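Given next are the chains, with one letter for each unit.
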Amino acid sequence: MTKQGICGVVREKRGNYMPSPDSPRQNPDGSPVVREVLIFPLLNMNQVEAGENGFINSVGDAKPVKTVTSGKDGKFCVSLPIGQYTVMVREPKGLYANLSDSQGNIFPVSVQKSKSISVTVDITHQAVF
């Protein structure tokens, strides 16, 4: 168990997630997937070259501080020093992060002393909402 860092789960959502009374969603939370998870120092939208649907075409000179692979259950854990980080996953088409805050920080996660922060990474570029 990671005492200080980021733990989370990577899930993929594919297909139609449009609300419909006739067809209940088969898998509303998505399926856990094995993916490479990259933890960068906090990145802002103005530091990267953003593509479509949450893809990041280029992070410039930014290097991940940690890279892990999620398990078959989608789970991952990394120990990290206190600080601000960006979480991305590697998709066949490139790096992916579909969250940002009001300041334009990409999938921001703040690691605090002796705390493990829990995140859910939803890969949704093949889903329709």
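Report on the accompanying structure. (Residues numbered from 1 in each chain as written. Predicted model: local features only at pLDDT ≥ 70, side-chain atom pairs only at ≥ 80, totals over all residues. Heavy atoms only, no water.)

Counting buried residues along strand 1 (residues 5-16), nine of its twelve residues qualify, which places the element largely inside the surrounding structure. As paired elements, strand 1 and strand 2 (residues 31-32) share two bridges and run antiparallel to each other. Residue pairing in the sheet places Arg11 in a bridge with Pro32 of strand 2. (Buried < 20%, exposed > 50% of the residue type's maximum accessible area, 1.4 Å probe, protein only. Helix = DSSP H or I, 4+ residues; strand = E, 2+ residues; numbered from the N terminus. Pairing = 2+ DSSP bridges.)

Below, the discussion takes up the environment of Gln126. Considering the arrangement of structural elements, one finds Gln126 in strand 11 (residues 116-128). Judged by relative accessible area, which is 37%, Gln126 ranks as partly exposed. In this view, Gln126 contacts Glu12, Lys13, Arg14 and Gly15; residues no more than four positions away in its chain are not counted. One polar contact links Gln126 to Arg14, side chain to side chain, over a distance of 2.8 Å. (Contact = heavy atoms within 4.5 Å. Polar contact = N/O pair within 3.5 Å; in protein donor to acceptor, adjacent residues only side chain to side chain.)

Now for the nonpolar core. With 30 residues, the main nonpolar core has Ile6 and Met88 as its most contacted residues. Among the secondary structure elements, those contributing two or more residues to this core are strand 1, strand 3 (36-41), strand 5 (55-58), strand 7 (75-79), strand 8 (83-91), strand 9 (94-96), strand 10 (108-111) and strand 11. Discounting residues that sit within four places of it in the chain, Met88 has contacts with Glu36, Val37, Leu38, Phe40, Leu43, Ile56, Val59, Leu95, Tyr96, Ala97 and Ile106. (Core = buried A, V, L, I, M, F, W, Y, C linked by side-chain atoms within 4.5 Å.)

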